[in-house]
Amino acid sequence: MPGQTLSLSSAPDSLCILRLSAIGDVCHAVAVVQQIQKKYPGTKITWVIGKVELSLLQGLTGVEFVVFDKRAGIRGYLELRKKLAGRTFDVVFQMQIALRASLASLCIRGKNKIGFDTYRSKEAHGLFINERIKPQQFPHVIEGFQAFAEAIGVEHMPFSWSMPLTQEQELACLDSFALPKKYAVLCPAASKAERNWNIAGYAHIAHYISTKGLDVVLCGGPTELERKLSDHIKHQAASYGDDSKLIDVVGKTSLIQLLAILKNAHFVIAPDTGPAHMAVTVNTPVVGLYAHSNPRRTGPYLYQRYVVNAYDDIIREQCGKSWQDLPWGQRAKGEDLMARISVDQVKAKIDNVLQDFYPQICDG
């Protein structure tokens, strides 16, 4: 019955994970997969994933990847069905609520199909599963994923990641982009423009970082929005005389190269976007900028103490209640909410990171 909660105490022979996107979410899922591997090293794990996301995780130890092309329409579902024909998994983790993912699950045969609890079920999610994870109060996304592992008897352990980034790839990337030894990364763009901080703020912070003796690397994808935002930040930064210290790799890196750049950074500054969570996987501190979503749910998991959080005040103003009294995950609405984040707040969080991780910079 869909209302039941599965609890297994023995290792499944085969496990299929259905999590197609996005970059931040698949990064969270990696930690859970690797906890399962530690508990059940003999379990064969198959992961149905999107093409872009696979480019980051290709080579992950002990995982068979099957690509689902969401842009192919009906053909994508038929191809997925063909790839998995004749296979029945002991357990399927349906770790994505979107209807597109639920329809893809019809191409995956499984004895136990585990989905989210009733509270988090949307888009008819419950019709495509026969078991549920246990309900949770105020879980971070990664903790929600961990509940799937707990459903098959994997006890919670501190989250850690072993990403498929080789030393050769890392060194080649640093050499290719001629990166300095000491730098911070600025990833200014989220998937939606309203979640981006303002250009003047980014430029001011780039200048502030330079006063600490660090260069600034601008990162991002190849979209026109990200390219224009980067150009505007560089133009604004020139007024401080720091344009030469901004190293622009926006749209020039693969995801693996971006991961290497994030790994070797002193810290990262980013709104609610995938690279922030990529940085977490390689233990690089993140100063997160949040106004639209609750960072307790979607913030950089290991570095919540460095988040600049405008969300709490905004959601109380909009709804007349604190976040604890609202549906978990409720977003604040508005196009100018990020303006509530001040330069001084971001500078204070940068100082906190430097004091905690690089006291020699502060002393210098």
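Look up: the structure comes first, before these words.
Everything numeric here is computed off the predicted structure, so don't read it as measured data.

## Observations regarding the overall build of the protein chain
Within the protein chain one finds 14 helices and twelve strands. Rg of the C-alpha trace for the protein chain: 21 Å, near the compact-globule value of 21 Å for 364 residues, within the 12% margin. With the principal axes as the frame, the protein chain shows a C-alpha extent of 65 × 55 × 40 Å. Expressed as a percentage of its 364 residues, the buried residues of the protein chain come to 54%. A sequence separation of at least 24 residues applies to 63% of the contacts in the protein chain between residues at least 6 apart. As presented, the protein chain carries roughly 16,300 Å² of accessible surface, and 50% of it is formed by carbon and sulfur atoms. Both charge centroids of the protein chain, one from 41 positive and one from 35 negative side chains, sit 6 Å from each other.

## Regarding the packing of helix α7 (residues 199–211) against helix α8 (residues 224–237)
Orientation of α7 relative to α8, taken along the N-to-C sense of each, is 55°, at an axis distance of 8 Å. When the axes of α7 and α8 are compared, the pair comes out oblique. In this structure, the crossing between α7 and α8 has a hand that is right-handed. Residues I199, A200, Y202 and A203 of α7 touch α8, and the partners they reach there are L229, H232, I233, Q236 and A237. The residue makeup of the contact of α7 with α8, split by class, is seven nonpolar, two polar and no charged.

## Digging into the sheet that holds strand β1 (residues 14–18)
With respect to topology, six strands assemble into an open sheet ordered β3-β2-β1-β4-β5-β6, the strand pairing being parallel. Each edge of the sheet is formed by a strand with only one pairing partner; in this case those strands are β3 (63–67) and β6 (131–132). Across five bridges, the pairing between strand β2 (residues 44–49) and β3 is parallel. Counted as the bridge partner of I49 is V67 from β3.

## Some thoughts on the layout of surface pockets
Within this model, the second largest pocket holds a volume of roughly 160 Å³. Around the second largest pocket, the lining residues are A193, N196, W197, N198, I199, L225, L229 and H232. Here the element with the most residues in the lining of the second largest pocket is α8; it accounts for three residues. When grouped by side-chain class, the residues that make up the lining of the second largest pocket number five nonpolar, three polar and no charged.

## Remarks on unusual backbone geometry
With omega at -5°, the peptide bond leading from S21 into A22 counts as cis. Along the chain, A22 turns up in the loop between β1 and α1 (23–39). Positive phi, normally seen in glycine, also occurs at E123, with a value near 50°. With respect to the secondary-structure elements, E123 resides in the loop between β5 (109–115) and β6. The residue F138 is not glycine, and still its phi comes out positive at about 55°. Within the secondary structure layout, F138 lies in the loop between β6 and α5 (141–151).

## Quick word on the state of the cysteines
Going through the model one piece at a time under the given rule, you end up with zero disulfides. Here C219 stays unpaired: no disulfide links it, and the sulfur of C187, its closest cysteine neighbor, is 4.7 Å away. The buried category is assigned to C219, whose relative accessible area is 3%.

## Examining the pattern of salt bridges
Overall, the coordinates contain 15 salt bridges when judged by the stated rule. Overlapping salt bridges, with partners in common, bring together R227, D231, K234 and D248 in one network.

## Comments concerning the packing of aromatic side chains
One pass over the full model with this rule turns up 13 aromatic pairs. Judged by centre distance (5.7 Å) and plane angle (35°), the ring pair of W47 and F65 falls under tilted. Note that W47 is positioned in strand β2 and F65 in strand β3, a separation of 18 residues in sequence. Like W47, the residue F65 is buried in the burial classification. Three or more aromatic residues link up through ring pairs in this structure, and these residues are Y303, Y306, F357 and Y358.

## Re the environment of K192
Structurally, the position occupied by K192 is in the loop between β7 (183–186) and α7. Given a relative accessible area of 46%, K192 falls into the partly exposed group. K192 sits 67 residues away from H125 along the chain, and the two C-alpha atoms are 25 Å apart.

## What to know about helix α9 (residues 255–263)
Burial within α9 is extensive, with seven of its nine residues counted as buried. Of all the positions in α9, only L255, I256, L258, L259, A260, I261 and L262 are classed as buried.

## Brief notes about the pairing of strand β8 (residues 215–218)
With four bridges joining them, β7 and β8 adopt parallel strand pairing. Counterpart to Y183 in the pairing with β8 is D215. Between the parallel pair β7 and β8, the chain is carried across by α7, and the sense of this crossover is right-handed. The sheet contact formed by β8 and strand β9 (residues 246–248) spans three bridges and is parallel. Paired with V216 across the strands is L246, a residue of β9.

Conventions we followed
- Residues numbered from 1 in each chain as written.
- Predicted model: local features only at pLDDT ≥ 70, side-chain atom pairs only at ≥ 80, totals over all residues.
- Heavy atoms only, no water.
- Helix = DSSP H or I, 4+ residues; strand = E, 2+ residues; numbered from the N terminus.
- Rg over C-alpha atoms; globule rule 2.2 N^0.38 Å.
- Buried < 20%, exposed > 50% of the residue type's maximum accessible area, 1.4 Å probe, protein only.
- Contact = heavy atoms within 4.5 Å.
- Areas by Shrake-Rupley, 256 points an atom, 1.4 Å probe, with all protein chains shown as cover.
- Lys, Arg positive; Asp, Glu negative; His and termini not counted.
- Charge placed at Lys NZ, Arg CZ, Asp CG, Glu CD.
- Axes fitted to C-alpha atoms, helices over the stretch in contact; angles between N-to-C directions.
- Parallel < 35°, antiparallel > 145°, perpendicular 65-115°, else oblique.
- Left-handed = near helix turned anticlockwise from the far one by under 90°.
- Nonpolar A, V, L, I, M, F, W, Y, C, P; charged D, E, K, R; others polar.
- Pairing = 2+ DSSP bridges.
- 1 Å grid on protein atoms, 1.4 Å probe; cavity = no way out; pocket = protein on both sides within 12 Å on 5 of 7 lines; lining within 4 Å.
- Points joined across faces, edges and corners; volume = space filled by probe spheres on them.
- Disulfide = S-S within 2.5 Å.
- Salt bridge = Lys/Arg side-chain N within 4 Å of Asp/Glu carboxyl O.
- Phe/Tyr/Trp six-rings, centres within 6.5 Å; stacked < 30°, edge-to-face > 60°.
- Right-handed = clockwise from strand over helix to strand, strands pointing away.

That is the geometry; function is a separate question.
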